[in-house]
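Close look at the chain arrangement
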2 protein chains.
Amino acid sequence: MDLDRHFVSGSIPLLVMKLLDEKDLYGYQMIEELRRRSDDTFHLRAGTLYPLLHSLEEKGWVTAYEREASAGKPRRYYHLTEQGRAAFREKETAWNAYARAVGQVLKGGACHAGA
Amino acid sequence: MDLDRHFVSGSIPLLVMKLLDEKDLYGYQMIEELRRRSDDTFHLRAGTLYPLLHSLEEKGWVTAYEREASAGKPRRYYHLTEQGRAAFREKETAWNAYARAVGQVLKGGACHAGA
DNA sequence: TGACATATATCGTTGATCTATATATAATGC
DNA sequence: GCATTATATATAGATCAACGATATATGTCA
């Protein structure tokens, strides 16, 4: 990724699965889409994405199919399975809990209001 | 850490430095404090914290001094230097940018409002 | 012809975090 | 008295996500 590479860990699958939750995409497209949606904050590397997609496929979270493009190499589209969608929801919830907790500490947790 | 260990990377130094930005603490205390402030979300491990503190010391971001406790082993307190405070502010800004970008993508970035 | 964008893919390295283990002291239980 | 647990610090080895580098093939543009 970029920015500060040390905030990244684990959130890349989350972001990629979010894109696939909306519609099928091919790899290169995900890189561009992620860059666009994050206002140029995320620069996902090909060397990071493709192995990730293969690992998602092994887990049964995505399936892949090839389709010819009007020009250039055929594109490999990825589709999020039902299992993948469930995994995504879980990851999303976990991220929200995590980000909230970090925010809470950074806010100056000295006083933490109960409920 | 815990929760989902794959959201953690890089945020531990941030959280630890946040605690030290308020006052000097010893290691064991940081573990307890972080757990408390995050409502039991963060379970920082001793094997993670102490090597981290040593690396912060090497960078000149913290200094350490020993002080006797009323009982038990003497405690090693850590103090955030001016340099450390500057580094913390930077990390905090980077985290906020990162978390915001993730949130933006998760919100359903199809339409991204300019400005 | 060479450079560049598109598009997918693999390999070796780095490095943050984890688990396991070690030390020492004080309090608690048997 | 002796074992266990909590306090407190510390190191070593393993894991694994992400990185950079590299390889491939095609199409476009100069």
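Up top you'll find the structure we're talking about.
Scope of this entry: the structure provided in the associated data block. (Residues numbered from 1 in each chain as written. Chains lettered and ligands numbered in written order. Predicted model: local features only at pLDDT ≥ 70, side-chain atom pairs only at ≥ 80, totals over all residues. Heavy atoms only, no water.)

So, on to the protein's contact with DNA strand D. The environment of DNA strand D is formed by 26 residues, the closest being Met 1, Gly 10 and Thr 48 of chain A together with Tyr 28 and Arg 75 of chain B. Per the 4 Å cut-off to the protein, sugar and phosphate atoms form 74% of the nearby atoms of DNA strand D. Val 8 of chain A is positioned with one of its backbone polar atoms (N or O) 3.5 Å from a phosphate oxygen of DNA strand D. One of the side-chain nitrogen or oxygen atoms of Thr 48 of chain A is found 2.5 Å away from a phosphate oxygen of DNA strand D. For the surface near DNA strand D, the secondary structure elements donating two or more residues are α1 (11–22) and α3 (46–58) of chain A together with α2 (27–37), α3 (46–58) and β3 (75–80) of chain B. Counting residues per element, the surface near DNA strand D draws most heavily on α3 of chain B, which supplies five residues. Here the residues of the surface near DNA strand D are counted per class, giving 10 nonpolar, 10 polar and six charged. (Near = heavy atom within 4 Å. Polar contact = N/O pair within 3.5 Å; in protein donor to acceptor, adjacent residues only side chain to side chain. Helix = DSSP H or I, 4+ residues; strand = E, 2+ residues; numbered from the N terminus. Nonpolar A, V, L, I, M, F, W, Y, C, P; charged D, E, K, R; others polar.)

Here we take up the protein's contact with DNA strand C. Around DNA strand C sit 25 residues in total, of which Tyr 28 and Arg 75 of chain A together with Met 1, Gly 10 and Thr 48 of chain B are the nearest. Each atom of DNA strand C within 4 Å of the protein was assigned to sugar, phosphate or base; sugar and phosphate come to 73%. One nitrogen or oxygen atom from the side chain of Tyr 50 of chain A is found 2.8 Å from a phosphate oxygen belonging to DNA strand C. If you list the elements that add at least two residues to the surface near DNA strand C, you get α2 (27–37), α3 and β3 (75–80) of chain A together with α1 (11–22) and α3 of chain B. Counting residues per element, the surface near DNA strand C draws most heavily on α3 of chain A, which supplies five residues. Residue classes in the surface near DNA strand C are distributed as nine nonpolar, 10 polar and six charged.

These figures capture arrangement, not role.
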